[in-house]
Amino acid sequence: MAATPASRDRVVDAARALCIVVVTLWHWTLSVTHRTADGSLTMPNPIHAVPGGWLATWVLQIMPVFFLVGGYANLVGWQRAQARGTTAGGFVRSRLRRLLWPTAVWALIWLAGELVAAALPGPHRWMGEWFPGYLTPLWFLVVYGLLIAVVPITASLDARYGARVLAVLVLLIALGSVAHRGAGLAWAGWVTAGLVWLFCHQLGYAWRGWELGRRPLAQRLAVAGAGLAGLAGLTAVAGYPASMVATAGVESNIFPTNAAIAALAVFQLGLLVLITPAAERLLRHPAAWKPVVALNVGALTIFLWHMTAYLVVLWAYEGLGGTLPAEPTAAWWAQRWLWLVAPSVVMVVLVVLFIRVELAARRSRPRSSPPPAREGSE
């Protein structure tokens, strides 16, 4: 930590750490996980039961920030690879290895467990049948892996055309939204979803390339204001759901991902660049920086295994006679501390067991020439 380069953009690292914390704690503490009539587990959120709760999702729906940080980090990595003379294929293989090795270990261990359970006497239901919510967060890994694969192309387009790439993506998202919501073409919704996440990733390039966190206050306010205006217009006028997470009885902005999430990404980028000067000062203090470093070291491990930690506690809770409430009652709210503390204990054990896989996946990256002028988080 003392060796952290002065040029490193600590706000990017802090944003990634924040993403991991929010996703993990949301699933653990703000999921009304309960059994359905057939014994399956479902995990809706309580936003519909909290007056004005939708507004909190404009900050707590953190998936756009994952892609903003990913775009920033991938651009840094690509610039370094070019400086070293690494080929585009070598760069992509290196980045995907860091993503896929820990994921493969996670998948193999769960598959082995499933096969053992299937071989035992009695009926067997696969994970996707009785707890699909466990697998849902992993869509991120698929989309992010695809974005890594095209970094040499998208980064080159950014270097050549800059803001025009973002403008074209906005136009395509708008056309896709009209085709999906106006003409009722379901396929257009999924094409638009891909364009939205590409847009978020490309915004990460802009964050890096334009040094948005160092811009005058008026410009940083303009970014946040543009995103906020887009969100307000899409939700109040165009009929998009106000909640940025799936909510009972309301269509989802995430599945398929739509224009509201693109506007949310701009708004959240604006918030990040607004707080950058103050956040950088704070992150110079070891007490603030050390947790950020620790979380970044095992970010993928935590993302992959946090639902396993949650499931272990669920099984233990039910095994001890506990009942999972189906509504966010007062008793449910009173238990939130338990669903923070208990999975955290299990998570520590899982990190100790599996973080070495994540570290090994990074270790084989090539080393050589110095970083670009302003270093970011790879």
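Above: the structure in question.
A brief look at the structure comes next. These numbers were taken from a predicted model, which means no experiment stands behind them. (Residues numbered from 1 in each chain as written. Predicted model: local features only at pLDDT ≥ 70, side-chain atom pairs only at ≥ 80, totals over all residues. Heavy atoms only, no water.)

Glancing now at the side chain of Ser243. Among the structural elements, Ser243 can be located in the loop between helix 11 (217-236) and helix 12 (259-283). One polar contact links the side chain of Ser243 to the main-chain carbonyl oxygen of Val245, over a distance of 2.8 Å. Leaving out residues up to four positions away in the same chain, Ser243 has contacts with Ile47, Trp54, Thr57 and Asn253. (Helix = DSSP H or I, 4+ residues; strand = E, 2+ residues; numbered from the N terminus. Polar contact = N/O pair within 3.5 Å; in protein donor to acceptor, adjacent residues only side chain to side chain. Contact = heavy atoms within 4.5 Å.)

Our next topic: the pattern of salt bridges. Here the structure, examined in full by the defined rule, presents 6 salt bridges. Where Arg362 meets Glu358, a salt bridge forms, and the shortest distance between an N and an O atom there is 2.8 Å. With a gap of 4 residues between them, Arg362 and Glu358 both fall in helix 16 (residues 338-363), about one helical turn apart. Judged by relative accessible area, Arg362 falls into the partly exposed class, the value being 22%. You can call Glu358 buried: its relative accessible area is 3%. (Salt bridge = Lys/Arg side-chain N within 4 Å of Asp/Glu carboxyl O. Buried < 20%, exposed > 50% of the residue type's maximum accessible area, 1.4 Å probe, protein only.)

Let us now look at the nonpolar core. By size, the foremost hydrophobic cluster in this structure holds 101 residues, and its most contacted members are Phe66, Phe67, Phe131, Phe140, Trp207 and Leu311. For this core, the leading source of residues is helix 12, giving 14 residues. Those residues in contact with Leu311, other than ones at most four positions away along the chain, are Leu41, Trp110, Met127, Trp130, Phe131 and Tyr134. (Core = buried A, V, L, I, M, F, W, Y, C linked by side-chain atoms within 4.5 Å.)

Below, the discussion takes up the packing of aromatic side chains. In total, this model carries 22 aromatic pairs according to the counting rule given. Aromatic side chains Trp54 and Trp58 sit 5.4 Å apart centroid to centroid with 65° between the ring planes, which places their arrangement in the edge-to-face category. Note that Trp54 and Trp58 are positioned in helix 2 (residues 53-60) at a spacing of 4 residues, about one turn of the helix. Consider the rings of Trp305 and Phe354, whose centres lie 4.2 Å apart with planes at 5°: the pair is stacked. Within this pair, whereas Trp305 is found in helix 14 (residues 299-319), its partner Phe354 is found in helix 16, the two being separated by 49 residues in sequence. Overall, the relative accessible area of 15% leaves Phe354 in the buried class. The ring of Tyr240 carries Arg181 above its face, with NZ or CZ at 3.8 Å from the centroid. The ring of Trp332 carries Arg336 above its face, with NZ or CZ at 3.8 Å from the centroid. (Phe/Tyr/Trp six-rings, centres within 6.5 Å; stacked < 30°, edge-to-face > 60°. Lys NZ or Arg CZ within 6 Å of the ring centre and 35° of its normal.)

What follows covers the packing of helix 3 (residues 63-84) against helix 7 (residues 139-149). Relative to each other, helix 3 and helix 7 sit at 30°, their axes nearing to 11 Å. The angle between helix 3 and helix 7 places the two elements in the roughly parallel class. Between helix 3 and helix 7 the crossing geometry is right-handed. For the pair helix 3 and helix 7, the contacting residues are Met63, Phe66, Phe67, Gly70 and Asn74 in the first and Trp139, Phe140, Val143, Tyr144, Leu147 and Ile148 in the second. Residues that form the contact of helix 3 with helix 7 fall into these classes: 9 nonpolar, 2 polar and no charged. (Axes fitted to C-alpha atoms, helices over the stretch in contact; angles between N-to-C directions. Parallel < 35°, antiparallel > 145°, perpendicular 65-115°, else oblique. Left-handed = near helix turned anticlockwise from the far one by under 90°. Nonpolar A, V, L, I, M, F, W, Y, C, P; charged D, E, K, R; others polar.)

A surface patch of nonpolar side chains, about 410 Å² in accessible area, is lined by Leu108, Leu111, Leu115 and Trp126. Along the chain, Leu111 falls in helix 4 (residues 88-119). (Patch = residues over 30% accessible without salt bridge, like charges linked within 9 Å, V, L, I, M, F, W, Y side chains within 5 Å. Areas by Shrake-Rupley, 256 points an atom, 1.4 Å probe, with all protein chains shown as cover.)

Next up on the list: the environment of Pro256. Considering the arrangement of structural elements, one finds Pro256 in the loop between helix 11 and helix 12. Distance from Pro256 to Trp305, taken between C-alpha atoms, is 25 Å for residues 49 residues apart in sequence. When neighbours within four sequence positions are excluded, Pro256 is seen to be in contact with His180, Gly189, Trp190 and Ala193.

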